[in-house]
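Notes for the structure review
Okay, here's what each chain looks like letter by letter:
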Amino acid sequence: MERLQDSSLVSYTITDKNGVFFLEDKTSDVKLQLFVSYVGYKTFAKVIDINTSDIKLETIRMMVDANALDEVVIKSRAPITIKQDTLEFNVKSFKTKKDANVEDLLKLLPGVEVDENGKITVNGKEVSKILVNGKPFFGNDPTITTRNLTKEIIEKIQVVDTKTKAQAFSGEDGDDESKTINLTIKEENNKGVFGRVSAGAGTEETYEFAGMFNRFDNDQRISVLVGGNNTNSPGFSFGEISKMFGRGNAVSFNSNGSFNIDGRSFGGGQGITASKNSGVNYADVLSEGVDVSADYFYSGSDSDNVTTTERENILPDARYFTTSESRSFNRSDNHSANLEFDIEIDSTLLINIEPSLRYSKNRNEFSRSETSRDADNVLNNDSETESVVETSGRNFSNDIDITKKFGSKGAYLEFSIENEINSRDTDDFLNSETNVYGDTPNNTLRDQYTDGENKTNTFGTEINYNLPLIAKELFLNFEYRYNRDKRSDKQSTFDKDINGDYNVFNIDLSTDFEYVDAVQKPAISINYRNKKWSARFKTSYVFRTLENTDFLRPESNLKRDFEAVELRARFNYRFSPKSSVYASYRLNNNPPQLNQLQAFQNVSDPLNTVVGNPNLKPVNNHRMYAGYNNYDFQKGTGFYSWFNGQITDNQVVSNTTIDENFVRRTTYTNVDGNYRIGGGVNYTKSVKMDTLRTIKYGAGIYTNINRNVNFNNGVQYASNVQSLSPNINVLFTWKDIMEFRPRYSINFTKNTYDIPSFEDREFLYHSLNLGTATFFPKHFEWRNEIQYNYNPNIADGFQKSAWFWNSTLAYSLLKDQATLTLKAYDVLNQNTNARRTATENYIQDSQSTVLQQYFMLSFSWKFNSLGKKGETNDGGHFYRF
């Protein structure tokens, strides 16, 4: 139903298979326009008088569209249309403010949630990719697309399961736990330029600047990014960098939103970080069937940090305490370039080529003081360490994928080749002194230089043939994969000679080895899918050879052969467009790491000698996952639940023995009995109070049970960690007036042990978040984020609780093309990152340098000429970094 005055959507529904429907909502209107549509039929329209509480319509007879069989485009007035596995929203049916962007629009769509960081979920499933007219836009990062494209240029929004290019081309099912949104742009708005620039300066010498320029010419797209700040902000979102510029193998996240990709720093972790970024992205269609995209990206950062740590070390028959303080300064410069070709030879053959180049330089200056005392506060050992490490790394990789389809029943052949070459050079200067006291005192002085060289060459190939047994429903899949990973590691350590030069070779601290991991993996799977359910079962047999050649210690050479079975199973059933259930099982086999296998005695740390175990067995991981989703589009009510579990056989764990002076010796062994069980439920509901005010609320509870078998000073034990985390959240929206969003969570954790010498422990953690936004008077927007954390278990001397309040006041000017913003960071000046970590062997409290209170004034300006014949749109929304 739509309002007569402005055609804005009031309510909607979808009929059942018999055409029966119920439609209910709240409105102050007296009359509404009812639209009923179905593919192939003319849209039925009727004005309905809604003065009565219960309106019963007679059978609605729809007329066949005379043009339904011709090659014409039928534009439906229906707000929502379901076409097989595609959910489609008609943008005109959803009323927004005049300057709304795509993110503002998505927040109005039923079943779609957008959090404050721009993360999008549809019926509880995360959106990993956003396309524009079916093609990637700016690396598929959702936040760039949703926060820069205006609502006015979008005609339809389509939601489908995420697929790779090979899956989409061959017609295979995609990832049903991940969604892709496709934005259909009006043809006349597919050309122009848009972007934004901003700069800000604040107290405590803080600053930030950012800019984006985009040229949009049908299939050709050029984008440029620049940014920098010293406020621990990455400058760009992880999605922008990872999906547009990077394909990192090693990714880590920090609690403040910063992250690292393959050692490249984006924003600050702990400490105070100044970062700078710049890049360019190009995409085009060179000719029919040939798509190309290319990019270059630079990132750099300088980071300072001081960390204080107090650790209580738990032994079966004793306790000892370690206190340390460390300082670090890190500087990094990173360059990356990527190229991608999609070549569609014809409707049956697709070739995808993706080469990549990277270069990085890093300098790290580090110092640490550490002392260990027994339970009577008697000093047992101490150490002082200073080091300067300079690293340069180079990387080249190339992936080639060829997919060939046969006939129309779903048969295809896929062949891929992957190659990656890495090299890393290090210059490491170390100066340290270690003192061990007690009955056998010892003093170790080191003034050394290490010249390091690491090289890796990885080659992999895979062939995959899909044979249809029942056309487009039942398939038999044959797969073979070969992978060879060759790695060399040469660390040449030199002590000073009598002249003070680093010329004395130290064989005990040097390494020179070559390591090869070769894997062959034949596999067979059977797949079935129809409109209601799908299932897959896959089995693989792994032939693995690990070979290590130690050129300094030939007695440490080893060669091990492993064989194992791997399994995968998946099941999905869709009860209706609103609800589905899914389950999966996976058995993986993983070899021990090289440093765990080598019989080499590593004495680089005088307080901890490490020796590998060449008799280790491979690790078997059994993983299970199940879930149930149910979301009612009309009522805005959703229920999600899930369960996951993991059982690990032959888990490799460290076995450390500690002498009377707390000097450690570590090796590795296999254990059984480790498992992890987790699950949770979440419920959300939307209540429409009237046409302006809406309340959304939700509640959830999550739980985890972990059992870990380990060793402590040679004694085997098992620990059980149980945690329970309930949470509640509310979002009150008063259109064009205000938003209010409180969230509260509490975490209960209990650690128990199966040996009496270990004391059971319980932990409690509270977290409260309050978010507010007001949009009056006109042109003003005031937002607040208030976070309260309370940790009553943390040790004395560390901050147990803190209020963290950030506030921004923005004023729009120049016809909403510019914004003046005043930001207050840490208004109460209480920011802290004090935290407690509890494991089977220790309880640790730590605190490091954090960014504290500052105030910043910034100015931003947006430009947008997307439109017919270059006409400028007044709409649009500036994306703040």
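Residues numbered from 1 in each chain as written. Predicted model: local features only at pLDDT ≥ 70, side-chain atom pairs only at ≥ 80, totals over all residues. Heavy atoms only, no water.

1. Examining the overall build of the protein
Filter applied, for reference: Secondary structure counts use DSSP, requiring at least four H or I residues in a row for a helix and at least two E residues in a row for a strand, with both numbered from the N terminus. The rule is simple: take the accessible area with a 1.4 Å probe, protein chains only, and divide by the maximum for that residue type; under 20% is buried, over 50% is exposed, in between is partly exposed. The criterion used for residue contact is that any of the two residues' heavy atoms lie within 4.5 Å. Reported accessibility uses the Shrake-Rupley method at a 1.4 Å probe radius. Residues are deemed covered only where the shown protein chains occlude them.
In terms of helices and strands, the protein carries five helices and 47 strands. The proportion of buried residues among the 881 residues of the protein is 44%. Sequence-distant contacts, at least 24 apart, represent 62% of the contacts inside the protein between residues at least 6 apart. Here the protein displays about 44200 Å² of accessible surface, and carbon together with sulfur accounts for 53% of that area.

2. Overview of the sheet that holds strand S36 (residues 664-671)
As a reminder of what qualifies: Pairing between strands requires that DSSP locate at least two bridges from one strand to the other. Each axis is a line fitted through C-alpha atoms, taken for helices only over the stretch in contact, and angles between the N-to-C directions span 0 to 180 degrees.
Pairing in this open sheet of four strands is mixed, and the strands run S31-S32-S36-S35 from one edge to the other. The open sheet is flanked by strand S31 (601-605) and strand S35 (651-658), the only strands paired with a single partner. Along the sheet, successive strands turn relative to each other by an average axial angle of 30 degrees, direction set aside. Pairing of S35 with S36, which is carried by eight bridges, proceeds in the antiparallel orientation. Its bridge partner lying in S36, Gln 651 is registered against Val 671.

3. Here we look at a positive patch on the surface
The condition that has to hold: Residues enter a patch when their relative accessible area is above 30% and they make no salt bridge; the linking distance is 9 Å between like charges and 5 Å between nonpolar side chains (Val, Leu, Ile, Met, Phe, Trp, Tyr). The term salt bridge refers to a pairing of a side-chain nitrogen on Lys or Arg with a carboxyl oxygen on Asp or Glu at a separation within 4 Å. Asp and Glu count as negative and Lys and Arg as positive, but His and the ends of the chain are not part of the count. Working definition for charges: the position is that of NZ of Lys, CZ of Arg, CG of Asp or CD of Glu.
A contiguous patch of positive charge on the surface is contributed by Arg 568, Arg 586, Arg 623 and Arg 676. Its place among the elements puts Arg 586 in strand S30 (residues 579-590). With a relative accessible area of 34%, Arg 586 lands in the partly exposed category.

4. Things to note about the packing of aromatic side chains
Test applied: Two rings belonging to Phe, Tyr or Trp (six-membered ring only in the last case) form a pair when the distance between their centres is within 6.5 Å. Interplanar angles under 30 degrees mark stacking, angles over 60 mark edge-to-face geometry, and anything in between is tilted. For a Lys NZ or an Arg CZ to count as sitting over a ring, it must be within 6 Å of the ring centre and within 35 degrees of the ring normal.
Evaluation of the coordinates by the stated rule reveals 19 aromatic pairs. Where Phe 429 meets Tyr 449, the ring centres are 4.9 Å apart and the plane angle is 35 degrees; that geometry is what we call tilted. You can see Phe 429 sitting in strand S23 (residues 411-436) and its partner Tyr 449 sitting in strand S24 (residues 442-470), a full 20 residues away along the chain. Judged by relative accessible area, which is 38%, Phe 429 ranks as partly exposed. By relative accessible area, which is 17% here, Tyr 449 ends up buried. Seen in terms of ring centroids, Tyr 528 and Trp 533 are 4.7 Å apart; in terms of plane orientation they differ by 40 degrees. Their pairing is tilted. With a relative accessible area of 31%, Trp 533 lands in the partly exposed category. In textbook terms, an aromatic cluster arises when at least three aromatic residues are bridged by ring pairs, as seen for Tyr 573, Phe 575, Tyr 628 and Phe 639. The ring of Trp 734 has Arg 693 sitting right over it, with the charged end atom 5.7 Å from the ring centre.

5. Regarding the pairing of strand S42 (residues 780-790)
Of the strand pairs in this sheet, strand S41 (residues 761-774) and S42 are connected by nine bridges, and their pairing is antiparallel. From the neighbouring strand, Thr 774 faces S42, where its bridge partner is Trp 782. The hairpin turn running from S41 into S42, its antiparallel successor, is five residues long, and His 779 in that turn takes a positive phi close to 80 degrees. Pairing between S42 and strand S43 (residues 801-813): eleven bridges, direction antiparallel. Paired with Asn 789 across the bridge in S43 is Ala 802.

6. Considerations on the environment of Gly 202
Relative to the helices and strands, Gly 202 is located in strand S12 (residues 191-202). What makes Gly 202 partly exposed here is its relative accessible area of 25%. Look past the residues within four positions of Gly 202 in its chain and what remains in contact with it is Phe 855 and Met 856.

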